[in-house]
Amino acid sequence: MNKRREILKGIATLPLLGLTASDLLARPAEEKDFNRDFFKELGVRTFINAAGTYTALTASLPHPEVIDAINYSALQFVNLEELQDKVGERLAELLKCEAAMVTAGAASAITLGTAGVITGADFAKADQIPTDMTGLKTEVIMQKAHRIGYAHAIRNCGVKIIEVGTRKELETAINDKTAMLWFLNANNFLGKIKDTEFVEVAKKYNIPCMNDCAADVPPVENLWKYTQMGFDLVCFSGGKGLRGPQSAGLLLGKKDLIAAARKNAPPNGSTVGRGMKVNKEEILGMLVAIEVYLNRDHKADWTLWENQVKMISDAALSVPGVTPEIHVPEVANHVPSIRLRWDQTKIKITPDAARDALRNGHPSIETVGGSESLDMTTWMMIPGEERIVAKRVNEILSDAAGSTPK
Ligand SMILES: *Cc1c(COP(=O)(O)O)cnc(C)c1O
């Protein structure tokens, strides 16, 4: 039942982009001899991910070594706190920071980090969050331009968010109710106060500051850049570019603050974090994901993505009227990406309809973009899949142009 090999055979006439056969056959579910096809039984659609690391699309596929670690740890008991201790120490060493913990994702890291800042070492206070904030600090300050939906993870701790624009406003807003300053790394260039200056203000007033770097690897250096810049807490998603377990993330930073965050996390009951459980599988999987990620040939990854993106872009360009644009977002999802626009008087399909056609084809392909463009990345594809995507994009746009697909 080797579905994947069949698909690849069918497109064998397309150029290989210097990939080896083992690249093409890396880690697909179809390569394993599973006794049951669970998604098929359930009628759940699987697809080629040309969209990127979206939670709703299950974001990323863990590296095979991560899956091995998950399977290994599923078969034996350990003490959860002892495992967090040991994995935390190892992560801190690898990521050049004081301390680390594995969380249930970046959003969880934001909540636990905030809770830790509020309670400090006083475990009794953990029970108060979020409904009885008597005697606790209740304000977190951020720049207006940094306020996104994920800031809800801060408000889970019963605190109010104070928005500021300028450095002057920030310094004025700081008072004895201020628990923390929060920064959204992806919006560094949108706010008036840049990262280093933000840290400088936090230090001046001795207030903990956190940087949300959830989607900000690659580049790999970001894993230590911001703790070294002086942010007291930094968080990452485990299941985006790191390709660890999708339900895991990292909270990195100062020893006392990580210890305090852990007080607010499972296995401790009566905490805001009790519902954000990570078990041995995610904890070990996250560690292994970091080990694998640090050892990757990042340049080779980049070259592969560039070649994949170019192949899809060329396939689109061969349809007269298409304007492909290859771009790399500066921060967050910093990978080669494609934006396809076309002259809709010549190619009679909207980007929304093209996205639907890709989704409803076989194999199904997920892409993103708005009403103006069809957008794609290749970094979450299994190498080789870019050829299927290139072919389908060419077919759909050619059809709509009334010409023969190339
Ligand atoms: C994805 C994301 C999060 C949430 O990450 P999870 O690991 O899914 O919890 C938080 N902040 C930003 C900026 C993100 O991009």
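One can find the structure itself at the top, above this paragraph.
Residues numbered from 1 in each chain as written. Predicted model: local features only at pLDDT ≥ 70, side-chain atom pairs only at ≥ 80, totals over all residues. Heavy atoms only, no water.

Draft legend 1. Region of interest: a nonpolar patch on the surface. A grouping of Phe38, Phe39, Leu42 and Val44 is seen on the molecular surface, where their side chains present a nonpolar patch of about 420 Å² in accessible area. With respect to the helices and strands, the residue Val44 is situated in the loop between helix H3 (38–42) and strand S1 (48–49). Val44 gets classed as partly exposed once you look at its relative accessible area, which sits at 42%. (Patch = residues over 30% accessible without salt bridge, like charges linked within 9 Å, V, L, I, M, F, W, Y side chains within 5 Å. Areas by Shrake-Rupley, 256 points an atom, 1.4 Å probe, with all protein chains shown as cover. Salt bridge = Lys/Arg side-chain N within 4 Å of Asp/Glu carboxyl O. Helix = DSSP H or I, 4+ residues; strand = E, 2+ residues; numbered from the N terminus. Buried < 20%, exposed > 50% of the residue type's maximum accessible area, 1.4 Å probe, protein only.)

Draft legend 2. A look at the nonpolar core. Formed by 50 residues in total, the largest nonpolar core has its most connected members in Leu95 and Leu223. Residue contributions to this core peak at nine residues, all from helix H12 (residues 280–295). Residues Met101, Met133, Ile161 and Leu233 belong to the second largest nonpolar core, which totals 35 residues. (Core = buried A, V, L, I, M, F, W, Y, C linked by side-chain atoms within 4.5 Å.)

Draft legend 3. Seen up close, the site of the ligand. Neighbouring the ligand are Thr55, Gly105, Ala106, Ala107, Tyr150, Leu184, Asp212, Ala214, Ala215, Ser237 and Lys240. Contacts to the ligand include Ala106, whose backbone N or O atom sits 2.8 Å from an oxygen atom. Within the backbone of Ala107, an N or O atom sits 2.9 Å from an oxygen atom of the ligand. A total of 380 Å² of accessible area belongs to the ligand in isolation, and the protein chains cover 85% of it. Taken together, the residues of the shell around the ligand break down into six nonpolar, three polar and two charged. (Near = heavy atom within 4 Å. Polar contact = N/O pair within 3.5 Å; in protein donor to acceptor, adjacent residues only side chain to side chain. Nonpolar A, V, L, I, M, F, W, Y, C, P; charged D, E, K, R; others polar.)

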